[in-house]
Amino acid sequence: MNGDDEFYIGWQDKAPAGIASRVRRAVVCLLMLAVVLGLLFAVAQRTIGVSVFEWGNVKSFSGVLESQPYPHLLVPRPGVSGGPTAFSSYYLVKPFKFGLDSETTSRLDGKVVSLNGTLIYRGNQTMIEVMGDSIKPLDSLHSAEAPSPTLRAPSLPPGERDGVRGSPITSESLGQQTLIGEIVDSKCYLGVMNPGALTPHRACAIRCISGGIPPVLLVRQTNGPALYFLLVSRDGKPVNQQVLNLVAEPVEISGEVERQGDLLILRADPTTYRRVAK
């Protein structure tokens, strides 16, 4: 060390000019590196997408309650009369990790009902988290006590108003198809948790599906929006318990695709589902 070397002691007010200059350059370089790494990390991540859970915003709804293949509410679209697009389909679930109980849905199947709940939605998929025991037959409510629903109930023939089973929409077969996607629990993926998919969400998804939340095959398209297929057995029954070991994994499913209004339904034997190598 000679007399020209700079020496800095920590308790001094200022560092020598040469040392201060080198420190400033190092800090600037580190900050720029942090920004670049942050951007690269963000670009490398899978797009989460827009999903919404209107927590605390309880609304009133009315429509036709359908129990099959999973409980959902058919709500008429304003200005549309007849045809497969005349109704919007809203999945119905209970709070936390549970689907609606079969006693309620079977008792009110095919009837016009009113209910209170919170919206959950993503893309063209919508769900209602139903509040308590708020589902009531609409014709059993006194007009003065009836809620002012956000969406009006459909105008049904007299027989259906009296509770005779008859869905206002018909099913359309789209033929046999083979699809590759990921089995997700519809409640979390649509908005309650984000992103609500892939291996980190596996344990939660298993609990939700085992509790009655509708399982959905999520098919991500390279060019275009994601597609959602409700999973049912060949005879249209729920498959919650049969799919638990395949949740949050890439799978290939071959079966008949059916359209019911907004819903795409995939009928297939769960024992034929096949894991796909990642």
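Residues numbered from 1 in each chain as written. Predicted model: local features only at pLDDT ≥ 70, side-chain atom pairs only at ≥ 80, totals over all residues. Heavy atoms only, no water.

(A) Fine view of the overall build of the protein. A tally of helices and strands in the protein yields five helices and 13 strands. Split into buried and exposed, the 278 residues of the protein put 41% on the buried side. Put simply, 70% of the contacts in the protein that link residues at least 6 apart link residues at least 24 apart. (Helix = DSSP H or I, 4+ residues; strand = E, 2+ residues; numbered from the N terminus. Buried < 20%, exposed > 50% of the residue type's maximum accessible area, 1.4 Å probe, protein only. Contact = heavy atoms within 4.5 Å.)

(B) Local environment of unusual backbone geometry. Of the consecutive residues Gln68 and Pro69, the connecting peptide bond is found in the cis state with omega at 0 degrees. On the secondary structure map, Pro69 appears in the loop between strand 1 (52-66) and strand 2 (72-76). Positive phi is not limited to glycine here, since Phe96 has a value of about 65 degrees. Mapped onto the fold, Phe96 is located in the loop between strand 3 (87-94) and strand 4 (98-99). The class for Phe96 is exposed, based on a relative accessible area of 69%.

(C) Representation of the confidence of the model for the protein. Per-residue confidence for the protein gives a mean pLDDT of 82; residues scoring 70 or more make up 76%. Per-element confidence in the protein ranges from a low mean pLDDT of 39 for helix 3 (residues 158-161) to a high of 97 for strand 10 (residues 227-232). Low confidence marks residues 140-165, where pLDDT is under 50. Its contacts with residues over four positions away, or in another chain, come to 42 contacts. (pLDDT = per-residue confidence, 0-100.)

(D) Spatial organisation of the pairing of strand 12 (residues 263-267). Counting buried positions over the five residues of strand 12 gives four, a clear majority of the element. Of the strand pairs in this sheet, strand 10 and strand 12 are connected by three bridges, and their pairing is parallel. Across the sheet, the residue bridging to Val232 is Arg267, located in strand 12. In terms of strand pairing, strand 11 (residues 250-260) meets strand 12 through five bridges, oriented antiparallel. (Pairing = 2+ DSSP bridges.)

(E) Structural view of the pattern of salt bridges. What the rule picks out here adds up to eight salt bridges. Taking the shortest distance from any N to any O, the salt bridge between Arg220 and Glu182 comes out at 3.2 Å. Remark: Glu182 occurs in strand 8 (residues 171-185) and Arg220 occurs in the loop between strand 9 (215-219) and strand 10; sequence separation between them is 38 residues. Of the charged contacts, one joins Glu252 and Arg274 as a salt bridge, the two residues approaching to 3.1 Å between their closest N and O atoms. Placement of the pair is Glu252 in strand 11 and Arg274 in strand 13 (residues 274-275), with a sequence separation of 22 residues. Through salt bridges with shared partners, a single ionic network connects Arg202, Glu249 and Arg275. (Salt bridge = Lys/Arg side-chain N within 4 Å of Asp/Glu carboxyl O.)

(F) Up close: the nonpolar core. Residues Ile183, Leu217, Phe229, Leu231, Ile253, Leu266 and Tyr273 are the most contacted members of the largest nonpolar core, which totals 40 residues. At the level of secondary structure, the elements contributing two or more residues to this core comprise strand 3, strand 8, helix 4 (186-192), helix 5 (202-210), strand 9, strand 10, strand 11 and strand 12. At five residues, strand 10 tops the list of elements feeding residues into this core. In this structure, Leu73, Tyr90, Leu108 and Ile128 belong to the second largest nonpolar core, which totals 14 residues. (Core = buried A, V, L, I, M, F, W, Y, C linked by side-chain atoms within 4.5 Å.)

(G) Region of the structure containing the packing of aromatic side chains. By the definition in use, this model includes three aromatic pairs. Centroid distance Phe53 to Trp55: 5.8 Å. Interplanar angle 70 degrees. Geometry classified as edge-to-face. Directly above the ring of Tyr189 sits Arg122, whose terminal nitrogen or CZ lies 4.0 Å from the centroid. (Phe/Tyr/Trp six-rings, centres within 6.5 Å; stacked < 30°, edge-to-face > 60°. Lys NZ or Arg CZ within 6 Å of the ring centre and 35° of its normal.)

(H) Region of interest: the side chain of Gln260. The residue Gln260 is located in strand 11 in this model. Engagement of the side chain of Gln260 in a polar contact is seen with the side chain of Ser171, the distance being 3.1 Å. Not counting chain neighbours up to four residues away, the residues in contact with Gln260 comprise Pro69, Ser89, Ile169, Thr170, Ser171 and Ile265. (Polar contact = N/O pair within 3.5 Å; in protein donor to acceptor, adjacent residues only side chain to side chain.)

(I) A look at the pairing of strand 6 (residues 125-130). Counting buried residues along strand 6, six of its six residues qualify, which places the element largely inside the surrounding structure. Burial along strand 6 is two-sided: the residues Gln125, Met127 and Glu129 and Thr126, Ile128 and Val130 are all buried. One ladder, built from four bridges, connects strand 3 with strand 6; its direction is parallel. Looking at strand 6, one finds that Val93 is bridged to Glu129. Bridge count between strand 5 (residues 112-122) and strand 6: six bridges; the pairing is antiparallel. Directly across from Thr118, in strand 6, lies its bridge partner Glu129. Hairpin connection between strand 5 and strand 6: a loop of two residues separates the two successive antiparallel strands, and Gly123 in this loop has a positive phi of roughly 60 degrees.

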